[in-house]
Amino acid sequence: MNTILEIKDLYKNYQTIEKEIIVLHNINFKVNEGDFISIVGPSGAGKSTLLSIIAGLEDYKGKIIKNDITIGYMLQKDYLMPYLTILDNCLLGLKINKKCKKDNIKRVKDLLIKYGLEDYIYSYPDDLSGGQRQRAALIRTLALNPDILLLDEPFSALDYQTRLNISKDIKNIIKNEKKTLIMVTHDISEAINMSNKVIVLSNTPSSIKAIYKIDYDFDDDIIKNRTSKEFMEYYSRIWRDLND
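A quick note: this is a predicted structure, and the numbers were derived from the prediction, not measured.

So, how was this worked out
Residue numbers run consecutively from 1 along every chain, following the written order of its sequence. Where local features are concerned, this predicted model is filtered to residues with pLDDT of at least 70; where side-chain atom pairs are given and counted, the filter is 80 or more; whole-chain, interface and lining totals use all residues. Where side-chain values are given, they derive from all heavy atoms of the structure, hydrogens and water being excluded. Helix and strand assignments follow DSSP, with helices taken as H or I runs no shorter than four residues and strands as E runs no shorter than two, numbered in order from the N terminus. Within these notes, the globule rule equals 2.2 Å times the number of residues to the 0.38 power, and the radius of gyration is based on C-alpha atoms. Relative accessibility under 20% of the residue-type maximum defines a buried residue, over 50% an exposed one, and the middle range a partly exposed one, all with a 1.4 Å probe and only protein chains included. Two residues qualify as a contact provided that any one of their heavy atoms is within 4.5 Å of a heavy atom in the partner residue. Per-residue and other accessible areas were derived by the Shrake-Rupley procedure at a 1.4 Å probe size, with only the shown protein chains allowed to occlude residues. Angles run from 0 to 180 degrees between N-to-C directions of axes, and those axes are lines fitted to C-alpha atoms, restricted for helices to the stretch in contact. Any angle that falls under 35 degrees is termed roughly parallel, while one over 145 is termed roughly antiparallel, one within 65 to 115 roughly perpendicular, and all others oblique. Working rule for handedness: look at the near helix, and if it is turned counterclockwise from the far one by less than a right angle, call the crossing left-handed; if clockwise, right-handed. Strands pair, by our definition, only if DSSP identifies at least two bridges between them.

**Some points on the overall build of the chain**
Secondary structure summary: the chain contains 9 helices and 9 strands in total. For 244 residues, the compact-globule estimate of 2.2 N^0.38 gives 18 Å, and the chain sits close to it at 18 Å. Taking the principal axes of its C-alpha atoms as reference, the chain extends roughly 50 × 45 × 35 Å. For the chain, the residues scored as buried account for 49% of the 244 residues in total. A separation threshold of at least 6 residues defines the contact pool for the chain, and within that pool the share at least 24 residues apart is 70%. Only carbon and sulfur atoms are counted for the fraction: they give 48% of the accessible area of the chain, which is about 12,700 Å².

Below is the structure:
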């Protein structure tokens, strides 16, 4: 597989008045084209910090090798502007980057139609359900056509049933658009269902405790997946790592 991103010997420290706090310690992993990677770990383990570093939003020590790629970052909240239509929300990144040309506008409209928001193109965010808002936020991130998508707890604000359905939708959209995914989540089941690799972080100072390759090809039935023997084996191993 073609490696498009490599994290090498990465460290992240914060300096307080009293002392230096080590958040991330000697993080190493590779991202191959087409990977769906989930990062799990205890609260405060620096999962979101790691995404911010990859996105170029925080300083660090170590190396991040990017092989001529672009990165899109979808935050925990959808941050849709209530006074803009869904189309204008999805065009926001293109406008900021001065790329709001006819072909790009058409591509965004096509994505909205393709992924079930055709009737809401000129509606406002308050007219959408939680799951629809997340889909719109994802399309806004896809508008700039990034190679890698970073998702930070994208479903945490949704109720359980909506969360199950939208996670499947988001996975299918990213697959259809042939993108690579790195996602942070607290939900082990979500990590297994969404990913071909799961990275487990330790308590702070956080290092990589394990990387699991999800070899089992789960189907689209999320509930069926979660009751399978293979799923439960992965779940048990990751749970033990997190609670060791």
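**Overview of the packing of helix 5 (residues 130-142) against helix 6 (residues 160-176)**
Between helix 5 and helix 6, the shortest axis-to-axis distance is 10 Å and the interhelical angle comes to 20°. The orientation of helix 5 with respect to helix 6, classified from their angle, is roughly parallel. Once helix 5 is placed against helix 6, the crossing between them reads as right-handed. Packed against helix 5, whose contacting residues are Gly-131, Gln-134, Arg-135, Leu-138 and Leu-142, the element helix 6 presents Thr-162, Ile-166, Asp-169, Ile-170, Ile-173 and Ile-174 at the interface.

**Here's the deal with the sheet that holds strand 4 (residues 61-66)**
The strand order across the open sheet built from 3 strands is 2-1-4, with neighbouring strands paired in antiparallel fashion. Of all the strands in the sheet, the pair left with one neighbour each is strand 2 (20-32) and strand 4. Each adjacent strand pair in this sheet contributes to an overall mean axis angle of 15°, direction not counted. For strand 1 (residues 3-15) and strand 2, the ladder comprises 9 bridges, and the chain directions are antiparallel.

**Here's the deal with the pairing of strand 8 (residues 197-201)**
Extensive coverage of strand 8 is indicated by the burial of 5 of its 5 residues. Burial of strand 8 is two-sided: the residues Lys-197, Ile-199 and Leu-201 facing one way and the residues Val-198 and Val-200 facing the other way are all buried. Here strand 3 (residues 36-40) pairs with strand 8 via 4 bridges, running parallel. Paired with Ser-38 across the bridge in strand 8 is Val-198. Judged from the 5 bridges that link them, strand 8 and strand 9 (residues 208-213) form a sheet pairing that is antiparallel. Considered in strand 9, the bridge of Leu-201 is made with Ile-208. The hairpin formed by strand 8 and strand 9 contains 6 residues between the paired strands.

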